[in-house]
Amino acid sequence: YLKERRDGYVKRLNGIYGRGLASAGVDVIVGFGRFVDSHTVGVVGGDGSVYKTVTARHILIAVGGRPMLPPGEGVEEHSITSD
């Protein structure tokens, strides 16, 4: 029950953020990126090939993250993460 509620909450937040970005005219590009120069980002596909280059005056990179449990006896079975 707790995991389902958490997943629903995260999904709702992602929708709110997505709609906010869209209404502000922000183009969201999902992938792996790196700066080519001070105003250009190359977005890379899973195979490592560059499939899009974006040049703009301002670039925001939201790196995201993944939860990690610390090592130890009993930690995994007594923990929940956002994944």
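Summarised in this report is the structure supplied together with it. (Residues numbered from 1 in each chain as written. Predicted model: local features only at pLDDT ≥ 70, side-chain atom pairs only at ≥ 80, totals over all residues. Heavy atoms only, no water.)

**Digging into a nonpolar patch on the surface**
Okay, step 1: On the surface, a cluster of nonpolar side chains totalling about 360 Å² of accessible area is made up of Leu21, Val26, Val28 and Val30.
Okay, step 2: Looking at the element boundaries, Val28 is found in the loop between α1 (2-23) and β1 (32-37).
Okay, step 3: According to the relative accessible area criterion, Val28 is exposed, its value standing at 56%. (Patch = residues over 30% accessible without salt bridge, like charges linked within 9 Å, V, L, I, M, F, W, Y side chains within 5 Å. Areas by Shrake-Rupley, 256 points an atom, 1.4 Å probe, with all protein chains shown as cover. Salt bridge = Lys/Arg side-chain N within 4 Å of Asp/Glu carboxyl O. Helix = DSSP H or I, 4+ residues; strand = E, 2+ residues; numbered from the N terminus. Buried < 20%, exposed > 50% of the residue type's maximum accessible area, 1.4 Å probe, protein only.)

**Concerning the environment of Ala22**
Okay, step 1: Residue placement: Ala22 occurs in helix α1.
Okay, step 2: Of the residues examined, Ala22 reaches a relative accessible area of 54% and is grouped as exposed.
Okay, step 3: Between the alpha carbons of Ala22 and Glu77 there is a distance of 39 Å; along the sequence they are 55 residues apart.

**Notes on the pattern of salt bridges**
Okay, step 1: Taken as a whole, this structure holds 2 salt bridges when the rule is applied.
Okay, step 2: When the shortest N-O distance is used, the salt bridge between Asp7 and Lys3 registers 2.9 Å. Here the residue Asp7 and the residue Lys3 both occupy positions in helix α1, the gap between them amounting to 4 residues, near one helical turn.
Okay, step 3: Residues Asp7 and Arg6 are paired through a salt bridge, measuring 2.6 Å at the closest nitrogen-oxygen approach.
Okay, step 4: Residue classification places Arg6 among the buried residues on the basis of a relative accessible area of 19%.

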